[in-house]
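# A look at the structure
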Amino acid sequence: MDFDRIYEDYFKTVYAYILGMCGSQSIAEEITQETFYKALKNIDRFRGESRISTWLCQIAKNSYFTYCKKQKAESFDEWEQVPDSKDFIIRLEDKEMVFTLHKHLHNLEEPYKEVFTLRVFGELSFLQIAKLFNKTESWARVTFYRGKKRMIALMEESADGKDL
């Protein structure tokens, strides 16, 4: 297999997948690079029973979960001392990224803005969000997903310099 070709063909797919999971460009870049490093080391183990993109995304997902567990273990004591969720978010991301996120969130249309905010910053479950809107849990999940997709698109546009 031509690994350079695999990297070219699937880098954006893996990056977008991880960005959708974590919402952080820097973490997504780090996990994507780690994914391709692991894939290169283990390319001989790929048996072709699934699509290469599926295999790569599985590696990426496992790498991201490992990253999250490591972050949680390393900073568990610090996080217990964080006084409110706004400080918590700023500690997770750099301030400029948080500003950009809030700028785009400010322009996001309803109900996506409120559902996204309740889920990400309010840390409410989909069931709790559904009850607030007097809707179904499925509605809350779909609305959050659509809002998240819009936020990711806006963040990517900013990263590409289209928002400058």
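Details of the structure are given in the entry above.
I will try to describe carefully the structure that is included in this document. As the structure is a prediction and not an experimental result, all values here were calculated from the model.

### Regarding the overall build of the chain
The secondary structure content of the chain amounts to 8 helices and 0 strands. Tracing the chain from N to C terminus, the helices and strands come up as α-α-α-α-α-α-α-α. A separation of at least 24 residues holds for 59% of the contacts in the chain among residues at least 6 apart in sequence. For the chain, the exposed surface amounts to about 11,100 Å²; the carbon and sulfur share of it is 50%.

### Remarks on the packing of helix H1 (residues 3-22) against helix H2 (residues 25-41)
One can describe the packing of H1 onto H2 by two numbers: an axis separation of 8 Å at closest approach and a directional angle of 140°. Judged by the inter-axis angle, H1 sits oblique to H2. By crossing handedness, the relation of H1 to H2 is classed as right-handed. Here Phe3, Ile6, Tyr7, Tyr10, Phe11, Val14, Tyr15, Ile18, Leu19 and Cys22 of H1 come into contact with H2, specifically with Gln25, Ile27, Ala28, Glu29, Ile31, Thr32, Gln33, Thr35, Phe36, Ala39 and Leu40. Residue composition of the contact of H1 with H2, by class: 16 nonpolar, 4 polar and 1 charged.

### Examining unusual backbone geometry
In this structure, Pro111 follows Glu110 across a cis peptide bond, with omega equal to 0°. With respect to the secondary-structure elements, Pro111 resides in the loop between helix H5 (95-107) and helix H6 (112-120). The phi angle at Asn134 is positive, at roughly 60°, despite the residue not being glycine. Inspection of the secondary structure puts Asn134 in the loop between helix H7 (126-133) and helix H8 (137-159).

Calculation notes
- Residues numbered from 1 in each chain as written.
- Predicted model: local features only at pLDDT ≥ 70, side-chain atom pairs only at ≥ 80, totals over all residues.
- Heavy atoms only, no water.
- Helix = DSSP H or I, 4+ residues; strand = E, 2+ residues; numbered from the N terminus.
- Contact = heavy atoms within 4.5 Å.
- Areas by Shrake-Rupley, 256 points an atom, 1.4 Å probe, with all protein chains shown as cover.
- Axes fitted to C-alpha atoms, helices over the stretch in contact; angles between N-to-C directions.
- Parallel < 35°, antiparallel > 145°, perpendicular 65-115°, else oblique.
- Left-handed = near helix turned anticlockwise from the far one by under 90°.
- Nonpolar A, V, L, I, M, F, W, Y, C, P; charged D, E, K, R; others polar.

Read these as spatial facts, not as claims about activity.
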